[in-house]
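Structural description and commentary
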Amino acid sequence: MNSLLFVLLGLTSCYAYSVTPEQGLQSSRALLSLYQEFQSQVNHEYDPAEVSMRIKIFRNTLKSIAEVNSQQSSWKAGVTKFADMTEAEINQYRGLNASLFTQGGEDPVQVVPAKLGSSLDWRARGHVTPVKDQMGNSCWTFATVTCIEALYKGQTQRLVEFADQELMDCVYPTNDAGRNGRGTYNAAFDWIKKTGRLGLRSEAPHTGVDGPCNYRGKTNGLAGYSVTGYRNTDINEGGIVAGLTQGPVAVALQTQGSRLDIYTRGLYHYSTCPGTFADHAVTAVGYTREVIVIKNSWGTNWGDRGYLFWARGQKGHNCMLYHHGSYPLLSRSAEEEVEE
Ligand SMILES: *[C@@H]1O[C@H](CO)[C@@H](O)[C@H](O)[C@H]1NC(C)=O
């Protein structure tokens, strides 16, 4: 019932077009008309000289969409904002550097499978802020704040948006040119633990690129609470599900070669996803018996209003999804207990 609901909710997601991707491939007039409709929705700004190159990319994307839709029945591919972008441009919407995963983290608390409910959704509990649209290689900052926001809500009853940009500016030294903004959420958990702070999003507008780490004088949104560390989940589906019982779980997956850029709704699985290295951080925020609900940071005009429904119970590497799960630990700071 629950998973059916998730799927039904998705029927109106994404852009509506008067021409289907399959029809767009049938004539150059249909292609052009679909591309114009797409442009009026996304407003990508291009030099007139590159428009024909963009239409070529768009046409190739339509082919991929048609191919996926003819092979899969559980999920639908469609036109998303990535449809006329080059691979290098799409790569700016990732940002995990798996080689920067630190060795830290505690082992997970084991949950007896019989004690797991059949579903859980941190969105329904009001612990999840709206889907963001990342710019730059900042996926890992959004996975971090999504976890912290939910735990903070659990402790304070207040749903606050924390400053993803502060993590981008501060977790790694600036001018580390090879890193190019990429990072990991567990380094961010460590940074919050070490500094004892994380600002508010309202005071730190998102740019998605490394800037100076200068947050002195800015509100500490965590005042009174501390991140005391993080736990890594077991490297399997059950590990993520067990982790979800305490709050959202930051996870990494391989999006290159996964066709996720054209995912629009349904139960996602892609058996030929490469599964060699994770390149993108997202956050698991719920599960049912059939799906793991994943919050992405590609805006609400991608996927199912910004969400991805991952089919459970699939064999294979699952695009690395189960390899790098971790979640922070948040508790009330002892020295602040007299306040409020
Ligand atoms: C990952 O980080 C290392 C260390 O900064 C860097 O050498 C490497 O090029 C980075 N890889 C990517 C894909 O950004």
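Residues numbered from 1 in each chain as written. Predicted model: local features only at pLDDT ≥ 70, side-chain atom pairs only at ≥ 80, totals over all residues. Heavy atoms only, no water.

Considering the overall build of the chain
What counts is decided by this rule: The helix count covers DSSP runs of H or I at least four residues long, the strand count covers runs of E at least two residues long, and both are numbered beginning at the N terminus. For a compact globule the rule gives 2.2 Å times the number of residues to the power 0.38, and the radius of gyration it is set against comes from C-alpha atoms. The contact criterion used throughout is that any non-hydrogen atoms of two residues lie within 4.5 Å.
Looking only at helices and strands, one finds 9 helices and 9 strands in the chain. Relative to its length of 340 residues, the chain is compact, with a C-alpha radius of gyration of 20 Å against a globular reference of 20 Å. Seen through its principal axes, the chain has C-alpha atoms that stretch 70 × 50 × 35 Å. Contacts in the chain between residues far apart in sequence, at least 24 positions, make up 76% of those at least 6 positions apart.

Description of the pairing of strand S4 (residues 249-253)
To keep it simple, the criterion reads: Partly exposed residues are those whose accessible area sits between 20% and 50% of the maximum for their type, while under 20% is buried and over 50% is exposed, using a 1.4 Å probe and protein chains only. Two strands are said to pair when DSSP picks up at least two bridges between them.
Within S4, 5 of the 5 residues are buried, which leaves the element mostly enclosed by the surrounding structure. Neither face of S4 is open: one carries Val-249, Val-251 and Leu-253, the other Ala-250 and Ala-252, and all of them are buried. Summarising the sheet, S4 and strand S6 (residues 280-287) pair through 5 bridges and their orientation is antiparallel. Paired with Ala-250 across the strands is Thr-283, a residue of S6.

What about the packing of helix H3 (residues 28-42) against helix H4 (residues 51-71)?
For the record, the criterion: Note on definitions: angles span 0 to 180 degrees between N-to-C directions of axes, and those axes are lines fitted to C-alpha atoms, for helices only across the stretch in contact. Angular relationships are summarised with four words: roughly parallel below 35 degrees, roughly antiparallel beyond 145, roughly perpendicular across 65 to 115, and oblique for the angles in between. Amino acids are sorted into nonpolar (Ala, Val, Leu, Ile, Met, Phe, Trp, Tyr, Cys and Pro), charged (Asp, Glu, Lys and Arg) and polar (every other residue, Gly among them).
Two elements in contact, H3 and H4, have axes whose closest approach is 11 Å; the angle formed by their N-to-C orientations is 100°. Relative to H4, the element H3 lies roughly perpendicular. Contacts from Leu-31, Leu-32, Leu-34, Tyr-35 and Phe-38 in H3 reach Arg-54, Ile-55, Phe-58, Arg-59 and Leu-62 in H4. Class assignment for the residues of the contact of H3 with H4 results in 8 nonpolar, no polar and 2 charged.

Here's the deal with the site of the ligand
As a reminder, the rule being used: We call a residue near a given molecule or strand whenever any one of its heavy atoms falls within 4 Å of it. Polar contact criterion, stated in full: a pair of N or O atoms within 3.5 Å, where within protein one must be able to donate a hydrogen and the other to accept it, and residues adjacent in sequence count only if both atoms are side-chain atoms.
With respect to spatial proximity, the complete set of residues near the ligand consists of Asn-97, Ser-99, Leu-100, Gly-178 and Arg-182. At 2.2 Å from an oxygen atom of the ligand is found a side-chain nitrogen or oxygen belonging to Asn-97. At 3.1 Å from an oxygen atom of the ligand is found a side-chain nitrogen or oxygen belonging to Arg-182. Among the residues making up the shell around the ligand, the classes are represented as 1 nonpolar, 3 polar and 1 charged.

Examining the confidence of the model for the chain
Inclusion rule: pLDDT measures the predictor's confidence residue by residue and takes values from 0 up to 100.
On average, residues of the chain score 91 in pLDDT, and 94% of them are at 70 or above. Between residues 1-13, whose pLDDT stays under 50, and residues either more than four places distant or in other chains, the model counts 22 contacts.

Considering the side chain of Asp-164
Summarising the element assignment, Asp-164 is placed in helix H7 (residues 164-170). When its relative accessible area of 1% is taken as the criterion, Asp-164 is described as buried. Polar contacts involving the side chain of Asp-164 include one to the side chain of Arg-201, which spans 2.6 Å. Not counting residues up to four positions away in its chain, the partners in contact with Asp-164 are Thr-141, Phe-142, Val-145, Arg-201 and His-206.

Structural notes on H3
Inclusion rule: By definition here, a helix of n residues has an expected span of 1.5 Å times n minus one.
Between its first and last C-alpha atoms H3 spans 21 Å; for 15 residues at 1.5 Å apiece the expected length is 21 Å, and the two agree. Turning to H3, its buried residues number three or more, namely Ala-30, Leu-31, Leu-34, Tyr-35, Phe-38, Gln-39 and Val-42. In this fold, the buried residues of H3 make contact with helix H2 (21-24) and H4. Following H3 by one or two positions, Asn-43 has its phi on the positive side, about 55°.

Overview of the nonpolar core
Note the threshold: The set of buried Ala, Val, Leu, Ile, Met, Phe, Trp, Tyr and Cys residues whose side-chain atoms join them within 4.5 Å is what this entry labels a nonpolar core. Domain start and stop positions are those given by an automatic or database domain assignment.
Ranked by size, the top nonpolar core spans 56 residues in total, and within it Phe-58, Tyr-268 and Trp-310 carry the most contacts. Of the residues forming this core, the biggest block, 6 residues, is contributed by H3. In this structure, this core is formed jointly by two domains, domain 1 (3-7 + 89-339) and domain 2 (13-80), each of which donates at least three residues. Beyond its immediate chain neighbours, meaning those up to four positions away, Trp-310 contacts Leu-253, Leu-260, Tyr-268, Glu-290, Val-291, Ile-292, Ile-294, Asn-318, Cys-319, Leu-321 and Tyr-322. Leu-151, Val-160, Met-168 and Ile-192 belong to the second-largest nonpolar core, a separate cluster that totals 37 residues.

Describing the state of the cysteines
Such a bond, covalent and formed between the sulfur atoms of two cysteines, is termed a disulfide. Basically, it comes down to this: Here, the term disulfide refers to a pair of cysteine sulfur atoms separated by no more than 2.5 Å.
Enumeration over the complete set of coordinates arrives at 2 disulfides. The disulfide bridge from Cys-170 ends at Cys-213, spanning 2.1 Å between sulfur atoms. Note on the Cys-170 and Cys-213 pair: the S-S dihedral is about 100°, so by sign convention the disulfide is right-handed. Residue Cys-170 is located in helix H7, and its partner Cys-213 is located in the loop between helix H8 (185-195) and strand S3 (225-232); the two are separated by 43 residues in the primary sequence. What makes Cys-213 partly exposed here is its relative accessible area of 45%. The disulfide partner of Cys-273 is Cys-319, and the S-S distance across this bridge is 2.1 Å.

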